[in-house]
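Listed below are the residues making up each chain.
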Amino acid sequence: MNVKKCLHILLVLSMLVTCLLSPTESAFAAKGVYQVNRYGELTDYSGSPVVPIRSNVSAINKNAFNGVKITQFSASANQYLKTVNGVLYSKDGALLIKCPSEKQGSFTVPSSVRKIAHSAFEDCTKLTQITIPDSVTTIEDQAFRNCSALRKIRLSNYITSIPEEAFYGCSSLTSVTIPARASSVGSDAFYNCQSLKSIYIPDSVKTVDGSAFSKCLNLEKARLSSKMSVISPNLFANCTKLTTVENTGNIEEIEWNAFQNCVQLKSYSYTNKLDEISSNAFKNCLNLGTVHIGKGTRRISYSAFNGAAEKFVVDSDNPNYSSRNGMLLDENGEYLIQVPVSMKGEINIPKGVTSISSNALVRGQFSSVTVPEGITSIGSHLFSNCSNLKSIYLPASVKKITNSTYYYRDYNLNSLERIVVSKDNPNYRSQDGVVYSSDMKTMVFFPTGKKGSFHLPNTCKYIGNQMKRNKLSSIHVAKNSKYYRSEDGVLYDSKGAKISCFPMRKKRYRIPAAVKDIRYLNQIKADLKCKAISVSPKNKRFSSKAGVIFDGDEETLLFYPTKKKGAYKIPVSTHYVAQNAFDDAHNLTTLTITKNVKRSRSSTFHFRDCRNLKTINVNQGSLNYISMNFSGCAKLSKLTFPSTIMTTNLKNLPEGVTIHGWKNTYAKEAAENADGKFVSRGTIPNIVTGPRIKKIIDKYQLSWNAVSGVSGYQVYTPYSTIKNLNGSGNTSCFIKDIYKYQTIYIRAYQIVNKKKVYGKARSISIY
């Protein structure tokens, strides 16, 4: 066969293929993705909103149309599938396969349909009402997932199961009737149905799987099936308006997190059939009233009622648990499991208790607690988030106090004013509400809510981090103390060189002459009340200007006070800024970085939690690169950069920020990344081309190609300028010791309004 004849045959075959495809299919084949596996299943589609179902397709994968906005399906040439009003069905109409995601308003499923396929209506965000006839007996998983506008649905009376994630994310659904023939409700079936106000689970239902009604934020009332024996994990978790759960008489087990964060739950009937209550089952159920534990309850997790209940009453015939003074204990009354969160005033842990659950007292609303004799170990973590607690009384039996340092605010003991230890305790002593070791050398437990002036005993040698969180106005120690000294209400080491503890209510502070280390101020900066900090003129290590701390010659800005208000301009005498100098500057509104500020080794400027910072202006000067972190700067709205800064590394920029900068620098890209606005200040010169190095005798000549229309060039490193050359034709310079540099940069500049506007830099690697 000759070549000419072969080409003719190929041309005919090509025309036949084109004819077999419909015009829509032919056009789509060139544009979108249309993948059909060897079994005839369409597995992946993207492209036109009008989806053609080709003749070689015999099945549809449940994920084939993920993320595609579909207006209709067409399947005129397919022997297995058909469409009715743009909806895709099996050929016999018994299976509804897929509803177009863009379908709007109301939809009635045809009476020919027996089954609704997996994800059939998923992401149909414009449907408001769906009617399912009694011909339908089966609905598959995720059938109506994320139908966010769906307000009303009529389910078939012959459906036997509500499947997994069936109505997940149907946030507008106000009510639903579970059919009387249904025997199960799948996991996450109604998850995040935020408009659902009540749910009636018919007695035909035997199981309701985990998280089925979780995060139904407006659910107020739930009626359980009498055939249910288990409340599954997370079943009603985060239903923050749920007040009543009915028909609980046959429940034998309440699994973990079942009612967690149901803060309005007021009633639940605990019957003798209830065998087990798992971890965090009623966690944070703040309004839960009296909890009656029947004689049949065998196991209660130690965290089951964490932050919950008003009172516990245990049946006297229960062999596993007991209650005294409204508290839940083990059967012997030796182990305290839970103190009701709603208990107020003074509480006395019952005598005979020898150990306490780590969750027993958490979030309690009481004002004081007395720990009985017999308890040998105690820790401040036991009182976590007891925000009203003012006093703790510890017995003589306590041998060990743990977790009593306040590195973090997690314990939230801001009202705690005193801790008193029995005078008969051989291990600890309390003085003025503070706990020390028996020899008074070590501070063991300091009440963070203690106010006013505090006098540290002369005998105390170690305070650790005990006093880091305090409400004190001053701290004093006698002059004859061997371990500490105080000046103007601040505690220092014995030499006065280092801050040991700072009173957090102090609003003005003067750094004494002897101080050489202020790192402690950075550790407590977020809570510092000082609006201004001054420095003794005799201090050789530090200086201050306008209440801001610098090093001795004001070359480096070290610390900006938390409470200092308004706009701030870095002095022109300052060359460097410490990396964290502006962290937690809560009241700073505008910052101007002046021309002499240079890039330091730790080149990132941190502005973490500068809550009121709105504007930063960077003046043209020494900086050619800048890195900034804006975590917690939600009000930041404007940044202005000079042409000298080619590259920026801007982290955690809030959305919508406006950046004023120069075209061809990174400023425009930074604004786009933050979904913000870029305002051009002009265009920088073109980048230098053809850089080269040649050694001539004992020097190295650096040269490059001239850039037209520029005023000169700069040769520099990230930290210093090597040469400035005037004139567009002055394109070379000598560098004697070139190997002391790793990278050298060259850039052109123009004079605009008597200022240099630099172009992008060309880098030359020396090694």
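Residues numbered from 1 in each chain as written. Predicted model: local features only at pLDDT ≥ 70, side-chain atom pairs only at ≥ 80, totals over all residues. Heavy atoms only, no water.

In this section: the overall build of the protein. Helix and strand counts for the protein stand at four helices and 66 strands. Here the C-alpha radius of gyration of the protein, 37 Å, is well above what a compact globule of 767 residues would show, namely 27 Å. Based on the C-alpha atoms only, the size of the protein along its principal axes is roughly 100 × 95 × 45 Å. Expressed as a percentage of its 767 residues, the buried residues of the protein come to 49%. Within the protein, contacts between residues at least 6 apart in sequence are counted, and of these 33% link residues at least 24 apart. As displayed, the protein has an accessible area near 35300 Å², and 45% of this comes from carbon and sulfur atoms. The protein carries 101 positive and 53 negative side-chain charges, and their two centres are separated by 13 Å. (Helix = DSSP H or I, 4+ residues; strand = E, 2+ residues; numbered from the N terminus. Rg over C-alpha atoms; globule rule 2.2 N^0.38 Å. Buried < 20%, exposed > 50% of the residue type's maximum accessible area, 1.4 Å probe, protein only. Contact = heavy atoms within 4.5 Å. Areas by Shrake-Rupley, 256 points an atom, 1.4 Å probe, with all protein chains shown as cover. Lys, Arg positive; Asp, Glu negative; His and termini not counted. Charge placed at Lys NZ, Arg CZ, Asp CG, Glu CD.)

Right, let's get into the nonpolar core. Judged by nonpolar contacts, the single largest core of 79 residues is most densely connected at Phe121, Phe144, Phe213, Phe259 and Phe282. Only strand 7 (87–90), strand 11 (127–131), strand 23 (290–293) and strand 25 (311–314) provide two or more residues apiece to this core. Among the nonpolar cores identified, the runner-up in size contains 38 residues, and Tyr560, Ala581, Phe605 and Ala670 belong to it. (Core = buried A, V, L, I, M, F, W, Y, C linked by side-chain atoms within 4.5 Å.)

Time to look at unusual backbone geometry. Positive phi is not limited to glycine here, since Ser119 has a value of about 65 degrees. Inspection of the secondary structure assignment puts Ser119 in the loop between strand 10 (115–116) and strand 11. Residue Ser119 is classed as buried on the basis of its relative accessible area of 1%. Positive phi is not limited to glycine here, since Asn146 has a value of about 60 degrees.

Bringing the environment of Pro718 into the picture now. Mapped onto the fold, Pro718 is located in the loop between strand 61 (712–716) and strand 62 (721–726). Once the C-alpha coordinates of Pro718 and Thr743 are considered, the two residues, 25 residues apart in sequence, prove to be 8.4 Å apart. Pro718 has contacts with Arg599, Asn624, Thr743 and Tyr745, leaving out every residue within four places of it along the chain.

Along the chain, Thr658 turns up in strand 57 (residues 658–663). Those residues in contact with Thr658, other than ones at most four positions away along the chain, are Ser637, Lys638, Leu639, Lys677 and Val679.

What follows deals with a nonpolar patch on the surface. A cluster of nonpolar side chains, contributed by Ile696, Ile697 and Phe734, occupies part of the molecular surface with about 310 Å² of accessible area. Positionally, Ile696 belongs in strand 59 (residues 692–696). Looking at Ile696, the relative accessible area reads 32%, which means it is partly exposed. (Patch = residues over 30% accessible without salt bridge, like charges linked within 9 Å, V, L, I, M, F, W, Y side chains within 5 Å. Salt bridge = Lys/Arg side-chain N within 4 Å of Asp/Glu carboxyl O.)

So, on to the packing of aromatic side chains. Remark: the centre distance and the inter-plane angle together describe each pair of aromatic rings, the angle taken between the planes. Counting across every chain of the model gives 31 aromatic pairs. Note on Phe144 and Phe167: the rings are 5.1 Å apart at their centroids and 5 degrees apart in plane angle, and the pair reads as stacked. One end of the pair, Phe144, is in the loop between strand 12 (138–139) and strand 13 (152–154); the other, Phe167, is in the loop between strand 14 (161–162) and strand 15 (184–185), and 23 residues separate them in sequence. Like Phe167, Phe144 is buried. Measuring from ring centre to ring centre gives 5.2 Å for Phe282 and Phe305, while their planes differ by 0 degrees; the resulting arrangement is stacked. Note that Phe282 is positioned in the loop between strand 22 (276–277) and strand 23 and Phe305 in the loop between strand 24 (299–300) and strand 25, a separation of 23 residues in sequence. Judged by relative accessible area, which is 1%, Phe305 ranks as buried. (Phe/Tyr/Trp six-rings, centres within 6.5 Å; stacked < 30°, edge-to-face > 60°.)

We now examine the sheet that holds strand 50 (residues 576–577). Strand order in this open sheet of four strands is 46-47-48-50, and the pairing throughout is mixed. Pairing within the sheet leaves two strands with one partner each, and these edge strands are strand 46 (542–545) and strand 50. Sheet topology places strand 48 (residues 556–559) next to strand 50; two bridges connect them, and they run parallel. The partner of Thr556 across the bridge, within strand 50, is Tyr576. (Pairing = 2+ DSSP bridges.)

Within the element layout of this structure, Gly326 appears in the loop between strand 26 (321–324) and strand 27 (327–330). Looking at Gly326, the relative accessible area reads 9%, which means it is buried. When the C-alpha positions of Gly326 and Ser384 are compared, they lie 20 Å apart, and in sequence the two are 58 residues distant. In this structure Gly326 touches Lys311, Phe312, Pro340 and Met343, once residues within four positions along its chain are discounted.

In this section: the environment of Ser637. Tracing the chain through its elements places Ser637 in the loop between strand 54 (625–629) and strand 55 (638–640). Residues Ser637 and Gly656, 19 residues apart in the sequence, show an inter-C-alpha distance of 7.1 Å. Here Ser637 is in contact with Lys614, Val657 and Thr658, once residues within four sequence places are set aside.

For the structure on display, the rule yields 16 salt bridges. When the shortest N-O distance is used, the salt bridge between Lys221 and Glu246 registers 3.4 Å. Here Lys221 is found in strand 18 (residues 221–223), whereas its partner Glu246 is found in strand 20 (residues 244–246), with 25 residues between them in sequence. Overall, Glu246 belongs to the partly exposed group, its relative accessible area being 31%. The salt bridge partner of Glu554 is Lys545, with a shortest N-O separation of 3.9 Å. Overlapping salt bridges bring together Asp275, Glu276, Arg298 and Arg299 as one network.

Next up on the list: the pairing of strand 61. Most of strand 61 is tucked away: five of the five residues are buried. Burial along strand 61 is two-sided: Gly712, Gln714 and Tyr716 and Tyr713 and Val715, pointing in opposite directions, are all buried. As judged from the five bridges shared by strand 61 and strand 62, these two strands associate in the antiparallel manner. Within strand 62, the position partnered with Gly712 by the bridge is Asn726.

What follows is about the state of the cysteines. Under the definition given, this model contains zero disulfides. Residue Cys147 stays outside any disulfide, its sulfur separated by 5.0 Å from that of Cys170, the closest cysteine. Judged by relative accessible area, Cys147 falls into the buried class, the value being 0%. This cysteine, Cys530, is not joined by any disulfide, and Cys501 carries the nearest cysteine sulfur, 13 Å off. (Disulfide = S-S within 2.5 Å.)

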